[in-house]
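Understanding the architecture of this molecule
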Amino acid sequence: MLLASAVVVWEWLNEHGRWRPYSPAVSHQIEAAIRSSDPRGGSVVLGQVDSRLSPYIIDLQSMHQFRQDTGDGCGW
């Protein structure tokens, strides 16, 4: 059970093998999508939260982030 004051921070793995945090707004959107999504999965379009991330989409079922323009992906 999460407390009202709990904070969740989502991160992504960069090309150098380092974990980098998403912004609080993006983490909030990911959490909201997970809570409201179909148990089989869903997706989060990061550009809807942060325009700098417009090419990226997160597939919640596979827990992978993909570039929509190139198809390149990375894991969490």
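Here the structure is a predicted model, which is why all the values come from computation and not from measurement.

What counts, and where the lines are drawn
- Residues numbered from 1 in each chain as written.
- Predicted model: local features only at pLDDT ≥ 70, side-chain atom pairs only at ≥ 80, totals over all residues.
- Heavy atoms only, no water.
- Helix = DSSP H or I, 4+ residues; strand = E, 2+ residues; numbered from the N terminus.
- Buried < 20%, exposed > 50% of the residue type's maximum accessible area, 1.4 Å probe, protein only.
- Contact = heavy atoms within 4.5 Å.
- Salt bridge = Lys/Arg side-chain N within 4 Å of Asp/Glu carboxyl O.
- Core = buried A, V, L, I, M, F, W, Y, C linked by side-chain atoms within 4.5 Å.

**Some words on the overall build of the protein**
In terms of regular secondary structure, the protein is built from 1 helix and 6 strands. Ordered by position in the sequence, the α and β elements of the protein form the string β-β-α-β-β-β-β. Among the 76 residues that make up the protein, the fraction classed as buried is 21%. In the protein, of all internal contacts separated by at least 6 residues, the share reaching a separation of at least 24 is 20%.

**Looking at the pattern of salt bridges**
Under the defined criterion, the tally for this structure stands at 3 salt bridges. Ionic pairing is found between D50 and R52, a salt bridge with its closest N-O pair at 2.8 Å. A salt bridge links D69 to R67; the shortest N-O distance between them is 2.8 Å. Take R67: its relative accessible area is 26%, and that puts it in the partly exposed class.

**Some thoughts on the nonpolar core**
The biggest cluster of nonpolar side chains holds 9 residues, and these are W10, Y22, V26, I30, A33, V44, L46, I58 and L60. In terms of residue count, the dominant contributor to this core is helix 1 (residues 24–36) (3 residues). Ignoring sequence-local partners within four residues, the contact set of A33 consists of V44 and L60.

**Comments concerning unusual backbone geometry**
With a phi angle near 60 degrees, M63 is a residue other than glycine that sits in the positive phi range. Looking at where M63 falls in the secondary structure, it is placed in the loop between strand 4 (56–59) and strand 5 (64–67).

That is the geometry; function is a separate question.
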